[in-house]
Amino acid sequence: MQSRKGNGLAIVFIVLGAIMLMGIALPLIHGIFRLLFPVLLVVLGYYGIKSGRKVIGWIVLFIGIMSLISKLAWLIGPLLGLALIVWGISVLKGKRRNTY
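Given the structure is predicted, the values throughout are model-derived calculations rather than measurements. (Residues numbered from 1 in each chain as written. Predicted model: local features only at pLDDT ≥ 70, side-chain atom pairs only at ≥ 80, totals over all residues. Heavy atoms only, no water.)

Let's shift gears to the overall build of the protein chain. Tallying secondary structure elements over the protein chain gives four helices and zero strands in all. Listed by position from the N terminus, the elements making up the protein chain come as α-α-α-α. Counting only contacts in the protein chain whose residues sit at least 6 apart along the sequence, the fraction spanning at least 24 positions is 32%. (Helix = DSSP H or I, 4+ residues; strand = E, 2+ residues; numbered from the N terminus. Contact = heavy atoms within 4.5 Å.)

Our focus in this paragraph is a nonpolar patch on the surface. Judged by side-chain polarity, V55, I56, I59, F62, I63, I65, M66, I69 and I76 come together as a nonpolar surface patch covering roughly 820 Å² of accessible area. Per-element accounting of the nonpolar patch gives the leading share, eight residues, to helix α3 (residues 54-71). Tracing the chain through its elements places I59 in helix α3. (Patch = residues over 30% accessible without salt bridge, like charges linked within 9 Å, V, L, I, M, F, W, Y side chains within 5 Å. Areas by Shrake-Rupley, 256 points an atom, 1.4 Å probe, with all protein chains shown as cover. Salt bridge = Lys/Arg side-chain N within 4 Å of Asp/Glu carboxyl O.)

On to helix α1 (residues 7-22), then. End to end, α1 covers 23 Å across 16 residues, agreeing with the expected 22 Å (1.5 Å per residue, within 8%). Looking one or two residues past α1, G23 carries a phi angle of roughly 85 degrees, positive in sign. (Expected span 1.5 Å × (residues − 1).)

Let us look at the environment of M66. Its location among the elements puts M66 in helix α3. As for M66 and P38, which are separated by 28 residues in sequence, their C-alpha atoms are 8.4 Å apart.

Here it is in structure tokens:
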């Protein structure tokens, strides 16, 4: 058997392909690319704005941000609720201090 420098990479590709065929890595890869694509759109939009293509840059940035917000809605909703509770408590405490 001949020893080449590219054998390690070939073995990694074979193992990755076998794992994908078995269906083990598909949910993991799907989860990563589900968030990676909107982040990539945001980065490309920002790059487009900085390079002088402002109209297309803003469009791509807006699509990326909206897509990212929709993907992270499970996190944004509870954080917004928590922020509203903290803000409401601080408003109530602020009114009591003014009565002294």
